[in-house]
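What the coordinates show
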Amino acid sequence: MKVAYVTADDTVSRHDDERETALAAWLGAGIEGAPVNWRDPRADWSEFDAVVVRSAWDYIERRDEFVAWAHRVERVTRLFNPAAVLEWNTDKTYLRALGVPTVPTFWPEPGAGLPEWDEYVVKPAVSAGARDTTRTADRDAAAAHVARLLDEGRTVMVQPYLPSVELEGELSLLYFGGRFSHAVRRHPMLSGVEATAENRATLRDPDDDQFALAERVLAAVPPDLLYARVDLVRMPDGEPVLMEVELTEPYLFLRDELAAPDLFAEALAEALKAG
Ligand SMILES: Nc1ncnc2c1ncn2[C@@H]1O[C@H](COP(=O)(O)OP(=O)(O)O)[C@@H](O)[C@H]1O
Ligand SMILES: [Mg+2]
């Protein structure tokens with residue numbers, strides 16, 4: 001079996017430090033993985049038994065091109081996750097209709113005033129890695145960032161800053177082929193403190209209420225996913241809520257849990273067998 005491990009160009013994908021880990025595990029499951037830049041014009045996707053989106057992290061600036069690429073690939077081979085899932089998941093407006101508790105979000109229209117909150121997070125609905133995302137206690141500054149993003153024709157999300165990301169932390173639960181693999185506590189991205197190799201992620205057992213919410217999230221998203229990452233935070237009263245469910249190109253924290261790479265590879269092997 002030959003499978004494309006989808007990357008971006010090297011300036012972006014050199015930050016993918018779990019590629020070799022994944023490819024080694026795939027090989028152990030009889031799958032020959034080849035890194036390919038999704039924008040490589042010479043790539044012949046029909047050569048592969050499947051195409052797995054991984055460090056395609058530059059899609060943010062060209063989402064339409066990425067979604068069109070995904071649908072094109074799917075006409076000639078199997079794509080993970082499926083194109084319709086990628087299309088749906090790359091715009092966080094999906095959070096509005098998921099039917100699970102999420103981080104409270106105000107969706108501003110041009111000219112709308114902002115709610116009174118202690119501290120704001122303003123982010124575009126199409127983003128990753130906290131790109132174009134700001135945190136501020138100044139309502140005017142938040143409104144100015146909202147106006148700037150709206151001017152660019154983007155959908156904007158405004159949320160209260162949740163201090164729990166700096167205390168308990170954001171919890172990411174990883175699933176392969178629908179089965180739970182592991183979970184990590186993540187370093188807060190808007191804390192002003194850069195993550196180090198040591199504190200970027202710490203393996204952690206989810207609490208029962210976090211497991212329960214993650215299962216609800218998975219029940220609410222499309223089935224047959226090769227990989228899924230459910231990112232949870234707690235509200236000030238302790239209630240777990242969804243920050244996002246990453247079905248597009250999540251970093252999988254494969255190097256943080258010994259068994260994870262093999263679970264990923266097994267899920268891929270099973271998906272290939274299912275044809
Ligand atoms: N409302 C919030 N309160 C506290 N931290 C936040 C909030 N929203 C985002 N963050 C921080 O910013 C990071 C990126 O935000 P997220 O919504 O996950 O978008 P993306 O990962 O797609 O850029 C989160 O992982 C978290 O560290
Ligand atoms: Mg995120």
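Scoring rules and cut-offs
- Residues numbered from 1 in each chain as written.
- Chains lettered and ligands numbered in written order.
- Predicted model: local features only at pLDDT ≥ 70, side-chain atom pairs only at ≥ 80, totals over all residues.
- Heavy atoms only, no water.
- Helix = DSSP H or I, 4+ residues; strand = E, 2+ residues; numbered from the N terminus.
- Buried < 20%, exposed > 50% of the residue type's maximum accessible area, 1.4 Å probe, protein only.
- Expected span 1.5 Å × (residues − 1).
- Pairing = 2+ DSSP bridges.
- Axes fitted to C-alpha atoms, helices over the stretch in contact; angles between N-to-C directions.
- Domains from an automatic or database assignment.
- Contact = heavy atoms within 4.5 Å.
- Buried area = accessible area lost by both parts, 1.4 Å probe.
- Parallel < 35°, antiparallel > 145°, perpendicular 65-115°, else oblique.
- Left-handed = near helix turned anticlockwise from the far one by under 90°.
- Nonpolar A, V, L, I, M, F, W, Y, C, P; charged D, E, K, R; others polar.
- Near = heavy atom within 4 Å.
- Areas by Shrake-Rupley, 256 points an atom, 1.4 Å probe, with all protein chains shown as cover.

Bringing unusual backbone geometry into the picture now. That bond from F80 to N81 is cis: its omega, -15 degrees, falls within 30 degrees of zero. Mapped onto the fold, N81 is located in the loop between β4 (78–80) and α4 (83–89). Of note, D132 is a non-glycine position whose phi angle comes to about 55 degrees, a positive value. When its relative accessible area of 34% is taken as the criterion, D132 is described as partly exposed. Although it is not a glycine, F253 adopts a positive phi angle of roughly 50 degrees.

With 15 residues, helix α8 (residues 260–274) should reach 21 Å at 1.5 Å per residue; the first-to-last C-alpha distance of 21 Å fits that figure. Among all positions of α8, only A260, P261, F264, A265, A267, L268, A269, A271 and L272 are buried. Looking at the residues trailing α8, positive phi occurs at G275, about 65 degrees.

Burial analysis of strand β3 (residues 50–55) places six of its six residues in the buried class, the great majority of the element. Pairing of strand β1 (residues 2–7) with β3 involves five bridges; the strand directions are parallel. Among the inter-strand pairings, V3 is bridged to a residue of β3, identified as A50. Sheet topology note: the β3/β4 ladder contains three bridges and is parallel.

Okay, the sheet that holds strand β5 (residues 120–124) next. Strands in a sheet are paired, the pairing made by backbone hydrogen bonds, and the direction either parallel or antiparallel. Here we have three strands laid out as an open sheet, ordered β6-β5-β7, and antiparallel in their pairing. Of all the strands in the sheet, the pair left with one neighbour each is β6 (134–136) and β7 (156–160). Averaged over neighbouring strand pairs, the angle between their axes works out to 20 degrees when direction is ignored. Sheet topology note: the β5/β6 ladder contains three bridges and is antiparallel. Paired with V121 across the bridge in β6 is R135.

Attention now goes to the domain arrangement of the protein. Assigned domains within the protein: domain 1 (2–89), domain 2 (92–100 + 163–252) and domain 3 (120–158). Between domain 2 and domain 3, the C-alpha centre-to-centre distance is 21 Å. Counting from both sides, the interface comprises nine residues of domain 2 and, opposite them, eleven residues of domain 3. Counting each side, the surface lost to burial between domain 2 and domain 3 is near 750 Å², with a carbon and sulfur contribution of 62%. Sorting the residues of domain 2 by area buried against domain 3 places K92, M189 and L190 first, and these three jointly supply 68% of that buried surface.

Looking now at helix α3 (residues 63–76). Counting along an α-helix, one turn takes 3.6 residues, and residues three or four places apart therefore face a common direction. Relative to the 20 Å expected for 14 residues at 1.5 Å per residue, α3 spans 21 Å between its end C-alpha atoms, a close match to the ideal helical length. Packing partners of the buried residues in α3 comprise β1, β3, β4 and α4.

What follows concerns the packing of helix α2 (residues 19–28) against α8. For the pair α2 and α8, interaxial distance at closest approach is 8 Å and the crossing angle is 55 degrees. Compared by their axis directions, α2 and α8 come out oblique. Between α2 and α8 lies a crossing whose hand is right-handed. Here T21, A22, A25 and W26 of α2 come into contact with α8, specifically with P261, D262, F264, A265 and L268. Broken down by class, the residue content of the contact of α2 with α8 amounts to seven nonpolar, one polar and one charged.

Right, let's talk about the pairing of β7 for a bit. In terms of residue burial, β7 counts as a mostly covered element, since five of its five residues are buried. Relative to β7, β5 runs antiparallel, the two being bridged by five bridges. Bridge assignment links P124 to a residue of β7, and that residue is V156.

With that settled, the discussion passes to the site of ligand 1. In the vicinity of ligand 1 lie 18 residues, with K92, K123, A130, E170 and E244 positioned nearest. When ligand 1 sits alone it has 540 Å² of accessible area, and the protein chains cover 98% of it. Of all the elements in the fold, those that place two or more residues in the shell around ligand 1 are β5, β7 and β12 (240–246). Looking at the shell around ligand 1, its residues break down into eleven nonpolar, three polar and four charged. Three or more residues apiece are contributed to the shell around ligand 1 by two domains, here domain 2 (92–100 + 163–252) and domain 3 (120–158).

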